[in-house]
Amino acid sequence: MKTVRLGQTDLKVSEIGFGGIPIIPLPEKEAVSVVKSCFDLGITFFDTANMYISSEAKIGAALEAVREKVIIATKTAQRGMQAAAEHIDLSLKQLKTDWIDIYQLHNVSNADALQQVLAPKGAYEAVAKARDAGKIRFIGFSSHSIQTARQTLQTGLFQTLQFPFNFIENDPAEELFPVAREHDVGIIGMKPLGGGLLERTDLCFRFLQQYPHVVPIPGIRTVGETEEIIWLYHDRRSLSEADRKDMEGIRSVLGEKFCHRCEYCMPCEQGVQIPSVLIFQAAAKRLSREGVTAWLGKAMDSVTECVECGECEEKCPYNLPITDLLKENLALFRQYA
Ligand code: SF4
Ligand code: SF4
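Describe the site of ligand 2, with residues and values.
Inspection of the region around ligand 2 gives 14 residues, with C259, C262, Y264, C265 and C316 positioned closest. Here the element with the most residues in the shell around ligand 2 is helix 12 (residues 274–278); it accounts for three residues. Grouping the amino acids of the shell around ligand 2 by side-chain chemistry returns 11 nonpolar, one polar and two charged.

Okay, here's the thing in structure tokens:
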């Protein structure tokens, strides 16, 4: 498999990475076997997160014997120094490693989050100290907001950016990635399959192959999925006219309902956790019932607090009919849970 230089980290990683969410519901033995097989097939870049429950421990168990040959990235959503420092130590333990190649601050998607992580005694201080102590090699961040990600890049404090990127969420190609490249920041493409909503794997990866500086990290649950993606990289070809028409068709159907998780609609004064509710259907496709309920149960309950004031819809740059979508997702969740 070809390798990609991950910006100023100078790390060379496989052009396809591994996203650690879908192994959460798998039994330990099966998950370890999937991760090992991905390594055997040439994947050398593995991304996970403290909040992905068992994912770090499974990846750690699978890669312990080949630690020197792989690049591991993980993340914390904590905003304070002490809590972030605890997460770093927990990640090291769960990943069974003495160092983490890239430690990312998770979901820095609004001005408050950015201000909190960079404040004195904020999470950035913890990762910087861990880097100085040799526990972490590079510092990255993930985000769902182009505006906040641009501001975060301008600080010059981060070596990698992780952002959703697929043929529906394609704005970053022009509005964000050029800024990252200007700063020589490595780009990791989150949700290459739209968080599980895009079923045409071929279209997703043919689209991404146009951006060789972006390393996609598809969530992988079976060896067959990895083989399918790798085959698409062996059998590279440009998008045909028919592919473009198919993509346009999917875009026009999904675009009206597709939440980009940018959080511009937040906060809701009633406490409705809008972006979490709107990812329910994608989560239900990828995780077990117990996993989805544990993760999104509280968010789904928050929908009952909505007073339909419409403020969120005014703020959504994608003009999503949020109140209808909240009701639709709650009804589906109730049937499902
Ligand atoms: S419409 Fe509902 S979800 Fe949106 S801001 Fe108002 S109360 Fe919150
Ligand atoms: S509902 Fe709209 S504003 Fe809110 S997170 Fe989704 S896309 Fe962004």
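Next comes the rest of the write-up.
Before we move on, can you summarise the nonpolar core with the specific residues and values?
In this structure, V35, V127, L161 and V215 are the most contacted members of the largest nonpolar core, which totals 98 residues. Here this core gathers at least three residues from each of two domains, domain 1 (3–243) and domain 2 (274–336). Aside from chain neighbours lying at most four places away, what touches L161 is G140, F141, A149, L153, A180, V185, I187 and I188.

I'd love a proper account of the domain arrangement of the protein, names of residues and values included.
By convention, interface size is frequently given as the accessible area that disappears when the constituent parts associate. You can read the domains of the protein as domain 1 (3–243) and domain 2 (274–336). The centre of domain 1, based on its C-alpha atoms, is set 25 Å off from the matching centre of domain 2. Every contact between the two is made by eight residues of domain 1 and, on the other side, seven residues of domain 2.

Can you lay out the packing of helix 9 (residues 201–208) against helix 11 (residues 241–254) for me, pointing to particular residues and giving the numbers?
Two quantities define a packed helix pair, namely the angle between the axes and the distance from one axis to the other. The geometry of helix 9 relative to helix 11 is characterised by a closest axis approach of 11 Å and an angle of 110° between their N-to-C directions. As the angle between them shows, helix 9 and helix 11 are arranged roughly perpendicular. Listed contacts from helix 11 to L203, R206 and F207 of helix 9 are D243, D246 and M247. Partitioning the contact of helix 9 with helix 11 into residue classes produces three nonpolar, no polar and three charged.

Which residues make up the sheet that holds strand 8 (residues 160–164), and what are the values?
Across the sheet, which stays open at both edges, the eight strands sit in the order 3-4-5-6-7-8-9-10 with parallel pairing between neighbours. Either end of the sheet is taken by a strand with one partner, and the two such strands are strand 3 (18–19) and strand 10 (214–216). In this structure, strand 3 lies alongside strand 4 (residues 45–47), joined through two bridges in parallel fashion. Considered in strand 4, the bridge of G19 is made with D47.

Residue-level account of the site of ligand 1, with values.
Among the 13 residues in the neighbourhood of ligand 1, the closest are listed as C268, V272, C306, C309 and C312. Those elements giving two or more residues to the shell around ligand 1 turn out to be helix 15 (311–315) and helix 16 (322–336). Tallied by class, the residues present in the shell around ligand 1 amount to eight nonpolar, three polar and two charged.

Describe the packing of helix 9 against helix 10 (residues 223–234), naming the residues involved and giving the relevant values.
Two numbers describe how helix 9 lies on helix 10: the axes approach to 10 Å, and their chain directions differ by 45°. Here helix 9 is positioned oblique relative to helix 10, judged by the angle of their axes. Crossing handedness for the pair helix 9 and helix 10: right-handed. Contact residues: helix 9 offers T201, D202, F205 and R206, while helix 10 offers E228, I229 and L232.

Could you give an account of helix 4 (residues 111–118), naming the residues involved and the relevant values?
The complete set of buried residues in helix 4 reads A113, L114 and V117. The buried residues of helix 4 occupy an angular sector of 100° when projected down its axis, which confines them to one face. Exposed residues lying more than 90 degrees from the buried face of helix 4 are A111 and Q115. The elements touched by buried residues of helix 4 are strand 6 (100–105), helix 5 (123–132) and helix 6 (146–154).

Conventions we followed
Residue positions are given per chain, counting from 1 as you read along its sequence in written order. Each chain is given a letter, starting from A, and each ligand a number, starting from 1, according to the order in which they appear as written. Local features in this predicted model are restricted to residues whose pLDDT is 70 or higher, and side-chain atom pairs enter the listing and the counts only when it is 80 or higher, whereas totals over whole chains, interfaces and linings include all residues. Being near a molecule or strand means, for a residue, that its C-beta atom, positioned from the backbone, comes within 6 Å of it. Under the DSSP-based scheme used, a helix requires at least four consecutive residues in state H or I and a strand at least two consecutive residues in state E, with every element numbered from the N terminus. Following the grouping adopted for this structure description, the nonpolar residues are Ala, Val, Leu, Ile, Met, Phe, Trp, Tyr, Cys and Pro, the charged ones are Asp, Glu, Lys and Arg, and the polar ones are all others, Gly among them. By definition, a nonpolar core groups buried Ala, Val, Leu, Ile, Met, Phe, Trp, Tyr and Cys residues that connect through C-beta atoms lying within 7 Å of each other. Working definition of burial: number of other C-beta atoms within 10 Å of the residue's own, with buried at 20 or more, exposed at 12 or fewer, and partly exposed in between, all C-beta atoms being placed from the backbone. Segment limits for the domains were obtained from an automatic or database-derived domain assignment. With C-beta atoms placed from the backbone, a contact is any residue pair whose C-beta atoms sit within 7 Å. An axis is simply a line fitted to the C-alpha atoms; with a helix, the fit covers only the stretch in contact. Between two such axes, the angle follows the N-to-C directions and lies from 0 to 180 degrees. Our angle categories are set so that under 35 degrees counts as roughly parallel, over 145 as roughly antiparallel, 65 to 115 as roughly perpendicular, and the remainder as oblique. DSSP-based pairing: two strands are paired if at least 2 bridges between them are found. By definition, any crossing whose near helix is turned counterclockwise from its far helix by less than a right angle is left-handed, and any crossing with a clockwise turn is right-handed. The directions from the helix axis to the C-beta atoms are what the arc is built from.

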